[in-house]
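# Coordinates in review
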Amino acid sequence: MAGISFRHVVKTYDNGVTVVPDLNLEIKDKEFVVLVGPSGCGKSTTLRMIAGLESVSDGELYIGDKLMNKVPPKSRNIAMVFQSYALYPHMSVYKNMAFALELAKTPKDEIDRKVKEAASILGLEPYLERKPKALSGGQRQRVALGRAMVRNPEVFLLDEPLSNLDAKLRTEMRSQISKLHKQLGTTFVYVTHDQTEAMTMGDRICVMKDGIIQQYDTPQNLYDYPDNLFVAGFIGSPQMNFIDATVEKAGDGFSLCFGEARIHSDKKELEPYVGKTVVVGIRPEDFHAEKQFFSEGNVIDAYIDLDEMMGSESYLYINYAGQKMITRVPARYARKADENISLAIDLDKVHVFDKDTEKAVCH
């Protein structure tokens, strides 16, 4: 078993700066967990504490049932793949992958078996005698993965491994790493600032800000039920629109009012907010230009500031009642800049947040 447990873990550097104030995180055995957040949020520091490259200032870190606070990196049975491939330029692909096993005095026939098995899984068999300089970026990253695989670690740690690759290779490598996780049946912890990587790869995603976990959940739950404004704005591309609205009582339900729009909601959680301002969140794809979505109280007539043609769809940057928003509509319904457009809001997909605490009120 190689689950990972952070129990009230604190990381403070010698200069007195605390980057992780109180981390409680449970990663299950064989799970693929992604740590995501903006630069400086503490995700790489968290990964390096698992690896033993950063010490734990306070609290307890377990891998499996073993307390790891004082265990040196070489004794943790983990493998780490870095953003820079960190390959030995003078060694062949075979030698790069075999090097750690040779240092561990592993028998030669076992080294050969493990290297060739990893090369087969990663499609590196034709390149085993090449030097790293003769490989593409994607091939070098696969060599770095292979070097980690041959050690048969309990935990794989990956620190932004795809950020040096172009967009096409990143997409290809995402699927390869996900496939590798399923084949190996090992715990993967993956750090990225790219929310697309996080959404497509992780079993669960840990969204961090200022060293604090904002939400730890499945990709779908993060997208559909964000806990606060930060998560709502961070997950999703283009990001969610945020609109100040006043809550009014309307019969048995409520109205969220901005401009001339009156968005109906029957969510009881809005009762304490009657007469107050809340933040309404609407994702770009939850505006519809098709007439079958139009009904009383869900249509706005907006002015288009900018249109971006994306092929099958268009991003429309609109202005309504002084509020700037972005919508995503099928290309056949798009309009050009400086035109008006009528859009229906999907009332089942409206999110409401407390303006002061920024926490979700209802979805």
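Before reading further, recall that the structure is shown in the block above.
Residues numbered from 1 in each chain as written. Predicted model: local features only at pLDDT ≥ 70, side-chain atom pairs only at ≥ 80, totals over all residues. Heavy atoms only, no water.

## Considering the nonpolar core
Applied cut-off: Throughout, nonpolar core names a set of buried Ala, Val, Leu, Ile, Met, Phe, Trp, Tyr and Cys residues whose side chains join them through atoms within 4.5 Å. Relative accessibility thresholds used throughout: buried, under 20% of the residue-type maximum; exposed, over 50%; partly exposed, between the two (1.4 Å probe, protein chains only). Contacts were defined at the residue level, with two residues in contact if any of their heavy atoms lie within 4.5 Å.
By size, the foremost hydrophobic cluster in this structure holds 46 residues, and its most contacted members are M97, V115, L145, L158, I177, Y190 and V207. Setting aside residues no more than four positions away along its own chain, M97 makes contact with V115, A118, A119, L124, L128, V143, G146, R147 and V150. With 30 residues, the next largest nonpolar core counts L256, L270, V329 and C362 among its residues.

## Considering the packing of helix 4 (residues 137-149) against helix 5 (residues 167-184)
Definition in use: Note on geometry: axes are C-alpha line fits, over the in-contact stretch for helices, and angles between N-to-C directions span 0 to 180 degrees. Comment: elements are numbered from the N terminus, with helices defined as DSSP H or I runs of at least four residues and strands as E runs of at least two. Here the word oblique covers every angle except those under 35 degrees (roughly parallel), over 145 (roughly antiparallel) and from 65 to 115 (roughly perpendicular). Handedness of each helix crossing follows the sense of rotation of the near helix against the far helix: counterclockwise by less than a right angle gives left-handed, clockwise gives right-handed. For this classification, the nonpolar set comprises Ala, Val, Leu, Ile, Met, Phe, Trp, Tyr, Cys and Pro, the charged set comprises Asp, Glu, Lys and Arg, and every other residue, Gly included, is treated as polar.
Orientation of helix 4 relative to helix 5, taken along the N-to-C sense of each, is 15°, at an axis distance of 11 Å. Judged on the interaxial angle alone, helix 5 and helix 4 are roughly parallel. For the crossing formed where helix 4 meets helix 5, the hand is right-handed. Contact with helix 4, carried on its side by G138, Q141, R142, L145 and M149, involves L169, E172, M173, Q176, I177, L180 and L184 of helix 5 and no other residues of that element. Per-class residue counts for the contact of helix 4 with helix 5 are 7 nonpolar, 3 polar and 2 charged.

## Some points on the sheet that holds strand 5 (residues 66-67)
Selection rule: For two strands to be treated as a pair, DSSP must find at least two bridges joining them.
Taken together, the 4 strands give an open sheet; going across it, the order is 2-1-4-5, and neighbouring strands pair in antiparallel fashion. Among the strands making up the open sheet, the edge pair consists of strand 2 (18-27) and strand 5. Note: strand 4 (residues 58-63) against strand 5, 2 bridges, orientation antiparallel. Bridge pairing in strand 5 links Y62 to L67.

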